[in-house]
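Listed below, chain by chain, are the residues.
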Amino acid sequence: MSDEIKKQEEVILEALRAMERTAKEAEATLREWEILRDREQQQFEAWRIEHRLLRKMKEEQNEND
């Protein structure tokens, strides 16, 4: 009986270790996605600013013509 309990404990401990590894991998993947999201947000903001400045320059040029 004791051997059976030890085997069950080993199986449970290995399952817990596997769950912990999976959780750590998921956290790392989430951090990577957050970094990518932040980069895309920064690029979008830069595009908006550039677009706004170009539009303003074009309007000013049209006023001067």
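Look a little higher up for the structure.
Please read these numbers as outputs of a predicted model, since none were measured by experiment.

Participant: Lay out the overall build of the protein with the relevant residues and their values.
Facilitator: Helix and strand counts for the protein come out as one helix and zero strands. The C-alpha radius of gyration computed for the protein amounts to 28 Å, which surpasses the reference 11 Å derived for 65 residues by more than 25%, pointing to a less compact arrangement than a globule. Projected onto its principal axes, the C-alpha coordinates of the protein cover approximately 95 × 10 × 5 Å. Counting across all 65 residues of the protein, residues that qualify as buried make up 0%. For the protein, the accessible area works out to roughly 6,700 Å², and carbon and sulfur atoms hold 55% of it.

Participant: Go over the packing of aromatic side chains with me, naming the residues and quoting the values.
Facilitator: Using the criterion set out here, one finds one aromatic pair in the structure. Plain terms: the ring middles of Phe44 and Trp47 are 6.0 Å apart, the flat faces sit at 25° to each other, and that makes the pair stacked. With Phe44 and Trp47 both in helix 1 (residues 2-64) and three residues apart, this pair spans about one turn of that helix. A relative accessible area of 43% means that Phe44 is categorised as partly exposed.

Participant: A description of the pattern of salt bridges should follow, citing residues and the corresponding values.
Facilitator: A full pass over the atoms with the stated rule returns five salt bridges. In this structure, Glu14 and Arg17 form a salt bridge, with 3.4 Å as the shortest nitrogen-oxygen distance. You can see Glu14 and its partner Arg17 sitting in helix 1, three residues apart, about one turn around the helix. According to the relative accessible area criterion, Arg17 is partly exposed, its value standing at 41%.

What counts, and where the lines are drawn
Within each chain, residue numbers correspond to sequence positions counted from 1 in written order. Thresholds applied to this predicted model are a pLDDT of at least 70 for local features of residues and 80 or more for the giving and counting of side-chain atom pairs; totals over whole chains, interfaces and linings are not thresholded and use all residues. As a rule here, side-chain values come from all non-hydrogen atoms in the structure, and water together with hydrogens is ignored. Only DSSP runs of H or I reaching four residues or more are called helices, and only runs of E reaching two or more are called strands; each is numbered from the N terminus. The size measure is the radius of gyration over C-alpha atoms, and the globule rule it meets is 2.2 Å times the number of residues to the 0.38 power. A simple rule labels every residue: compare its accessible area, found with a 1.4 Å probe on the protein chains alone, to the largest value its type can have, and call it buried under 20%, exposed over 50%, or partly exposed in between. Note that accessible areas follow from Shrake-Rupley with a 1.4 Å probe, and for residues the cover is restricted to the protein chains shown. Working definition: a ring pair exists when centres of Phe, Tyr or Trp rings (six-membered ring for Trp) sit within 6.5 Å. Plane angles under 30 degrees give stacked, over 60 give edge-to-face, the rest tilted. A carboxyl oxygen of Asp or Glu within 4 Å of a side-chain nitrogen of Lys or Arg is what we treat as a salt bridge.

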